[in-house]
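Summary of the model geometry
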Amino acid sequence: MRLIRTASQITAACSNLRAGDRTLGCVPTMGALHDGHASLIRESSSRYDATVVSIFVNPTQFGPREDFRRYPRTLRADLRLATRCGADVVFAPAAAEMYPAGFQTSIEVADLARRWEGERRPGHFRGVATVVTTLFNLVRPTHALFGQKDYQQALIIQQLVRDVRVGMTVRVLPTVREPDGLAMSSRNRYLTPEQRRSAASLYRALCDGRQRLTGGARLTGPVIRQMRRLLHGYPQVRIDYVAAVDAKTLRPLARARGRVALLVAAWVGRTRLIDNLLVDVS
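Now for a quick tour of the structure.

1. Thoughts on the pattern of salt bridges
- In this structure the tally under the stated criterion is 17 salt bridges.
- Several salt bridges converge on common partners, so that one network encompasses E117, E119, R120, D240 and R272.

2. Focus: the sheet that holds strand β2 (residues 24-29)
- Taken in spatial order, the six strands of this open sheet run β1-β4-β3-β2-β5-β6, and their pairing is parallel. The open sheet has two edge strands, β1 (2-4) and β6 (169-173), and neither has a second partner. Strand-to-strand, the axes of this sheet are offset by a mean angle of 25°, without reference to chain direction.
- Judged from the three bridges that link them, β1 and strand β4 (residues 89-91) form a sheet pairing that is parallel. Of the residues in β4, the one forming a bridge with R2 is V89.
- Against the sheet, helix α7 (residues 151-164) engages β5 (143-147) and β6, with an angle of about 165° to β6.

3. Description of the environment of S39
- Its place among the elements puts S39 in helix α2 (residues 35-47).
- In this structure the C-alpha to C-alpha distance between S39 and R218, which are 179 residues apart in sequence, comes to 34 Å.
- Leave out the neighbours within four places in its chain, and S39 touches L173 and V176.

4. So, the side chain of Q61
- Its place among the elements puts Q61 in the loop between β3 (50-55) and α3 (75-84).
- A polar atom in the side chain of Q61 sits 3.0 Å from the side chain of N58.
- Here Q61 is in contact with M30, E66, R121, H124, G127, V128 and V131, once residues within four sequence places are set aside.

5. With respect to the sheet that holds strand β9 (residues 271-281)
- What the three strands build is an open sheet, ordered β7-β8-β9; its pairing is antiparallel. Unpaired on one side and paired on the other, β7 (237-246) and β9 mark the two borders of the sheet. Direction aside, neighbouring strands of the sheet carry axes that sit 15° apart on average.
- Taken together, the eleven bridges between strand β8 (residues 258-268) and β9 define a ladder with antiparallel strand orientation. Bridge pairing in β9 places L263 opposite N276.
- Relative to the sheet, helix α10 (residues 220-232) contacts β7 and β8, its axis offset from that of β7 by approximately 160°.

6. A closer look at the nonpolar core
- Within the largest apolar cluster, 47 residues are counted, with the highest numbers of intra-cluster contacts made by I10 and V52.
- Considering each element in turn, this core owes the most residues, nine residues, to helix α6 (residues 124-139).
- Residues L182, L202, C207 and V260 belong to the second largest nonpolar core, which totals 28 residues.

7. Brief notes about helix α1 (residues 7-17)
- The set of residues buried in α1 consists of A7, I10, A13, C14 and L17. The buried residues of α1 occupy an angular sector of 130° when the element is viewed end-on, so they sit on one face. Turned more than 90 degrees away from the buried face of α1 sit S8 and N16, all of them exposed.
- Turning to α1, the residues buried within the fold contact β1, β2, β3, β4, α4 (95-98) and α6.

8. Observations regarding unusual backbone geometry
- Residues other than glycine seldom take positive phi values, yet D21 does so here, at roughly 60°.
- Assignment of secondary structure puts D21 in the loop between α1 and β2.
- The class for D21 is exposed, based on a relative accessible area of 78%.
- Residue A32 is not a glycine yet carries a positive backbone phi of 50°.
- Among the secondary structure elements, A32 is positioned in the loop between β2 and α2.

9. Some points on the packing of helix α9 (residues 201-214) against α10
- Two elements in contact, α9 and α10, have axes whose closest approach is 9 Å; the angle formed by their N-to-C orientations is 155°. Comparing their axes, α10 and α9 come out roughly antiparallel. Crossing geometry of α9 relative to α10 is assigned as right-handed. For the pair formed by α9 and α10, the contact residues are S201, L202, R204, A205, L206, D208, G209, R212 and L213 on the first element and V223, Q226, M227, L230 and L231 on the second.

10. Overview of the packing of aromatic side chains
- By the definition in use, this model includes five aromatic pairs.
- Seen from their ring centres, F56 and Y99 are 6.4 Å apart, and the 40° between their planes marks the pair as tilted. One end of the pair, F56, is in the loop between β3 and α3; the other, Y99, is in the loop between α4 and α5 (117-120), with 43 residues separating them in the sequence. The exposure classification of F56 matches that of Y99, with both residues buried.
- Pairwise contacts between aromatic rings join F56, Y99 and F103 into one cluster.
- One cation-aromatic arrangement involves R70 over Y190; the distance from NZ or CZ to the ring centre is 4.0 Å.
- Taking the ring centre of F68 as reference, the NZ or CZ of R73 above it sits at 4.9 Å.

Calculation notes
- Residues numbered from 1 in each chain as written.
- Predicted model: local features only at pLDDT ≥ 70, side-chain atom pairs only at ≥ 80, totals over all residues.
- Heavy atoms only, no water.
- Salt bridge = Lys/Arg side-chain N within 4 Å of Asp/Glu carboxyl O.
- Pairing = 2+ DSSP bridges.
- Helix = DSSP H or I, 4+ residues; strand = E, 2+ residues; numbered from the N terminus.
- Axes fitted to C-alpha atoms, helices over the stretch in contact; angles between N-to-C directions.
- Contact = heavy atoms within 4.5 Å.
- Polar contact = N/O pair within 3.5 Å; in protein donor to acceptor, adjacent residues only side chain to side chain.
- Core = buried A, V, L, I, M, F, W, Y, C linked by side-chain atoms within 4.5 Å.
- Buried < 20%, exposed > 50% of the residue type's maximum accessible area, 1.4 Å probe, protein only.
- Arc of directions from axis to C-beta.
- Parallel < 35°, antiparallel > 145°, perpendicular 65-115°, else oblique.
- Left-handed = near helix turned anticlockwise from the far one by under 90°.
- Phe/Tyr/Trp six-rings, centres within 6.5 Å; stacked < 30°, edge-to-face > 60°.
- Lys NZ or Arg CZ within 6 Å of the ring centre and 35° of its normal.

Given below as C-alpha cells:
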C-alpha cells in the first residue's frame, strides 16, 4: 500500500493503475475509518483491479459552528485498516493540495441539496460536491463507492456524475451497523456510554416506521408522529427532523408510494447523527 500526499503524484499513480483498461475503485473518506469504510474498501478491492482510498477532512463542508477542528484524525490507524482491506493507494492530501492558492470555483447540485441536510447545514453539499469533483478529476476512477448512511450525499454525487458526465459509476452500499442497529459513523466516538445507548433509538424509530409502511400504512403523517414519539422517549435525544420522502427526489410524501426513504436526524448530547432506511411500498 502506497501513501500519496500530493495532487501531481496521485494523478500519475492513478494513470498507471488504470493502464490497459484496468478498473479503478475509489473510496472517498474523511478518515477515522471504521467497519463501514472497511466494507467499501473490501468491496472495491475484490471487484476492481486497483483501489484508491482518499482521506481528507474537507474544511468547505463544515459550517462555522460545526466540528471541523475536533473531527477525529487517526491517519496511522486508518492506514492499517486500508492496508488490511486491500487498498493499493491512500491519498491523504493537505488542504493546499485540494484548494491551492487562488482557488475560486464551487459546484452545487441545486434541487437535491435544497432540503434536509442542505437546509440544516448551508453550504455543506456545495463543499462536498466541489471536493468530490476535484478528487474524481485527480483520480479518474472507473467506480466510486459510498455508504447509504449518508443517503442524501450519495444521491447528490450520483446526480453530479450524471450531469457533468464524469464517465464513471457511483455505487451505494448498504449501511453497516452495530449489533444494536446504530449506523457506524466516525462521530459515534464522541458519544458517552449513556449517549451511545440512546443513539440506538434512531434505528429503532426507523424500523418502527418501516414496519408500519410494510404493514399497510400509507398516510405518512401518523407514521412520522409515532417515530417522533419513540425518539422523545430518550432524554438524551433532540430531534432535528424525521421525514418520509421520495427516494429519488427527496421530496416529502403525504402518502407513501413506490420507494420511500425514511430519514432521521437528531442530536444525542452534543453529537448530531443521521440515519435512513429505504422501504418499497407496493
